[in-house]
Amino acid sequence: MKTDNGIFIEDKEPVRSKLNYWLEIGLVLLIVFAISMVILSASNPKTNPPGRDGGFFLYVGKAIKSGAKLYVDIWDSKGPMIFWINALGVGSDYSRWGVFFIQLCFQTTALFIAYWVIKRLYGILPALGTVLIGTLLLNLVIGPGNSTEEYSLLFTWVAIAALVLLMTTEKKIFWPFFLMGGSIIFNFLLRANNIGTQIIVILVAFFHVYTKEKNTKFWQPIAYLIVGALTVTIPVSLYFIINGSFGAMIDASIIYNFSYSAATGTTFSNSILPAFNIFENWFLVFIVIWLLTIWHLFDRKHKELTPFLLLTVFAFPIEIFMSSISGRGYKHYFICWIPACMLLIAYGLSIVQREAINPVFRKKCETTHILMILTLLFIIITVTSFNTLYGT
């Protein structure tokens, strides 16, 4: 293995049987699915009504399902993705259960990717700790669910995973940049303010390629990024052009949306003050770890910068900025902070692991103890959340 700037990066996964490998995947999926059920309990159609925004998205989804043209027959300033997700979820019987199932799929996949990313860089203990703390943080902000920010989590983690793929595979840059380009457009189509972390991902990916991959031609990563973006943009644009509503979509989801976001004062304070109230002591934890990463960034003992450390440093402030643009400080806006906060938590836990946990025990956790740890964690989550899981 190798470590750059204190970041744990394994050159190869520990040698394990294929059976253990697939058992790990299965157990992790069960864990993050159970966690997602708990996180989305307020969205459960059986026990709770939809929220204000989520209910409207459901209504528009039903209207689209009935033949209405988005931005012509029915109007809103959000991007089209949230309405298409709801149109897909309501199904032929206009039930909320389809949307709830999509929410579960998005959340489960996002948490699974988060686990894979953190485990790949720091190991299983920081990965599990980060996912569990991230769950706690999500519970503070997700509310009744079915929001644009909720669905954005998956595409943000796809972009972060693409960066890790770029860091850990030699001379294979097409798929990482393709995924970054496609995922940022998906988030933009949900809500333009949801692309903060992905902007940093792309910038540090370019930094990595142009400083590490000396044989890479200047145009290649740019071209691959554009190809990924156009793969999503072209079909969406054609849909609206064919329906004669392309101009209306641009006016509503981009021009009006940014005008609406900018039409307020005291934007920065309206973002920071609600964050203090929502995250409480956790906000101080984020600040302390963030300052630690900055110190690490400029520590002369470490001669080279890793893109993941740069991402950890810059993702948090850009999310603060992006959520402060509108100045309205709605709780669900802070969902977009969660990946950036989880990166900080993972970094903090990696330091605790390095300083306080015996390396021999750490290695056993990565190999012989991994299935036992995951099984025990799944049992604990299932028992402690039995009423929520059974009620769904």
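Per-chain numbering applies: the sequence of each chain, read as written, is numbered from 1 onward. With the structure being a predicted model, the display of local features is reserved for residues of pLDDT at least 70 and the display and counting of side-chain atom pairs for 80 or more, all residues being used for whole-chain, interface and lining totals. Calculation of side-chain values draws on the structure's entire complement of heavy atoms; hydrogens and water are dropped beforehand.

**A few points about the overall build of the protein**
- Of the regular secondary structure elements, the protein holds 17 helices and two strands.
- Within the protein, the proportion of its 392 residues that are buried is 55%.
- Contact definition: two residues touch when any of their heavy atoms are within 4.5 Å. Residue pairs in contact within the protein that sit at least 24 positions apart in sequence constitute 79% of those at least 6 positions apart.
- Surface exposure of the protein reaches about 17,900 Å², of which carbon and sulfur atoms provide 68%. In this description a helix means any DSSP run of H or I spanning at least four residues, a strand means any run of E spanning at least two, and both kinds are numbered starting from the N terminus. When accessible area is computed with a 1.4 Å probe and restricted to protein chains, residues below 20% of their type maximum are described as buried, those above 50% as exposed, and intermediate ones as partly exposed. Per-residue and other accessible areas were derived by the Shrake-Rupley procedure at a 1.4 Å probe size, with only the shown protein chains allowed to occlude residues.

**Notes on empty space enclosed by the protein**
- Buriedness of a pocket was judged along seven lines, with at least five required to meet protein on both sides within 12 Å; pockets are open sets of points on a 1 Å grid over the protein atoms alone, cavities are sets where a 1.4 Å probe fits but cannot get out, and lining residues have an atom within 4 Å of a point. Grid points are joined across faces, edges and corners, and a volume is the space filled by probe spheres set on the points. For the structure on display, the rule yields five cavities of 30 Å³ or more.
- In this structure, the largest cavity spans a volume of roughly 90 Å³.
- Taken together, 14 residues make up the lining of the largest cavity; nearest its centre are S43, L58, R96, Q103 and N146.
- Elements with a contribution of two residues or more to the lining of the largest cavity: α2 (52–65) and α4 (97–122).
- Class assignment of the residues belonging to the lining of the largest cavity gives a composition of six nonpolar, seven polar and one charged. All residues other than Ala, Val, Leu, Ile, Met, Phe, Trp, Tyr, Cys, Pro, Asp, Glu, Lys and Arg, Gly among them, are scored as polar; the first ten of these are nonpolar and the last four charged.

**Things to note about the packing of α4 against helix α6 (residues 148–168)**
- The axes are straight lines fitted to the C-alpha atoms, using for helices just the contacting stretch, and the angles between their N-to-C directions are given from 0 to 180°. Look at α4 against α6: their axes get within 9 Å of each other, and the N-to-C directions meet at 25°. By the angle class used here, α4 and α6 are roughly parallel. Along this stretch, α4 crosses α6, giving a crossing that reads as left-handed.
- Residues of the contact of α4 with α6, tallied by class, amount to 19 nonpolar, four polar and two charged. Angular relationships are summarised with four words: roughly parallel below 35 degrees, roughly antiparallel beyond 145, roughly perpendicular across 65 to 115, and oblique for the angles in between. By convention, the crossing between two helices is left-handed when the near helix turns anticlockwise from the far helix through less than a right angle, and right-handed when the turn is clockwise.

**Some details on the confidence of the model for the protein**
- Think of pLDDT as the predictor's per-residue confidence, scored from 0 to 100. Of the residues in the protein, 89% have a pLDDT of 70 or more, and the chain-wide mean is 88.
- A low-confidence stretch, residues 1–8 stays under pLDDT 50, and its non-local contacts, those more than four residues away or across chains, total 30 contacts.

**Brief notes about the packing of aromatic side chains**
- Stacked, tilted and edge-to-face are the three classes assigned to paired rings of Phe, Tyr and Trp, where Trp is represented by its six-membered ring and a pair needs centres within 6.5 Å; plane angles under 30 degrees give stacked, over 60 edge-to-face, the rest tilted. Summed over the entire model, instances satisfying the criterion amount to 32 aromatic pairs.
- An angle of 75° between the planes, with centres 5.1 Å apart, marks the rings of F174 and Y224 as edge-to-face. Residue F174 is found in helix α7 (residues 174–190), and its partner Y224 is found in helix α9 (residues 219–242); the two are separated by 50 residues along the sequence.
- Judged by relative accessible area, F174 falls into the partly exposed class, the value being 31%.
- On the numbers, 6.4 Å between centres and 90° between planes, the contact of F279 with F334 is edge-to-face. Residue F279 is found in helix α11 (residues 267–279), and its partner F334 is found in the loop between α13 (307–324) and α14 (337–356); the two are separated by 55 residues along the sequence.
- A relative accessible area of 1% places F279 in the buried class.
- Aromatic rings pair up to connect F276, F279, W282, F283, F286, W290, F316, F334 and W337 into one cluster.
- Taking the ring centre of Y333 as reference, the NZ or CZ of R191 above it sits at 4.2 Å. Only when the NZ of Lys or the CZ of Arg is both within 6 Å of the ring centre and within 35 degrees of the ring normal is a charge said to sit over the ring.

**Observations regarding the nonpolar core**
- In terms of nonpolar packing, the biggest core is built from 120 residues, with V117, L163, F177, M180, F279, F308 and L311 touching the most fellow members.
- For this core, the element with the highest residue contribution is α4, accounting for 14 residues. Note on terminology: a nonpolar core comprises buried Ala, Val, Leu, Ile, Met, Phe, Trp, Tyr and Cys residues joined through side-chain atoms within 4.5 Å.

**Structural notes on the side chain of S253**
- Tracing the backbone through its elements, the reader meets S253 in helix α10 (residues 246–262).
- Throughout this description, a polar contact denotes any pair of N or O atoms lying within 3.5 Å of each other; where both atoms belong to protein, one of them has to be capable of donating a hydrogen while the other can accept it, and for residues adjacent in sequence the pair is counted only when both atoms sit in side chains. Here M249 takes part through its backbone oxygen, which lies 2.7 Å from a polar atom of the side chain of S253.
- Look past the residues within four positions of S253 in its chain and what remains in contact with it is Y71, S77, K78 and G79.

**As for the environment of F316**
- With respect to the element layout, F316 can be found in helix α13.
- By relative accessible area, which is 2% here, F316 ends up buried.
- Residues F316 and C341 lie 25 residues apart in sequence; the distance between their C-alpha atoms is 6.7 Å.
- Setting aside chain neighbours within four positions, we find F316 in contact with F283, F286, I287, W290, W337, A340, C341 and L344.

**So, a nonpolar patch on the surface**
- Surface patches are defined over residues having more than 30% relative accessible area and no salt bridge, joining like charges when they lie within 9 Å and nonpolar side chains (Val, Leu, Ile, Met, Phe, Trp, Tyr) when within 5 Å. Whenever a carboxyl oxygen of Asp or Glu lies within 4 Å of a side-chain nitrogen of Lys or Arg, that contact is scored as a salt bridge. A cluster of nonpolar residues, I226, L230, I234, L238, I241, I242 and F246, forms a patch on the protein surface that exposes about 660 Å² of accessible area.
- Per element, the largest residue contribution to the nonpolar patch is six residues, and it comes from α9.
- Within the secondary structure, L238 sits in helix α9.
- A relative accessible area of 45% places L238 in the partly exposed class.

**Topic: helix α16 (residues 370–384)**
- By definition here, a helix of n residues has an expected span of 1.5 Å times n minus one. Taking 1.5 Å as the rise per residue, α16 with 15 residues should run 21 Å; its terminal C-alpha atoms sit 21 Å apart, in good agreement.
- Listed as buried for α16 are I370, L371, L374, L377 and I381. In an axial view of α16, the angular spread of the buried residues amounts to 130°, which keeps them on one side of the axis. Among the exposed residues of α16, those pointing more than 90 degrees away from its buried face are M372, L376, V383 and T384. In this context, the arc is that of the directions from the helix axis out to the C-beta atoms.

**Regarding unusual backbone geometry**
- Of note, Y71 is a non-glycine position whose phi angle comes to about 70°, a positive value.
- Within the secondary structure, Y71 is located in the loop between α2 and α3 (80–90).
- In this structure, N146 takes a positive phi of about 60° despite not being glycine.
- Counting through the fold element by element, N146 comes out in the loop between α5 (124–141) and α6.
- Using a relative accessible area of 4% as the deciding quantity, one classes N146 as buried.

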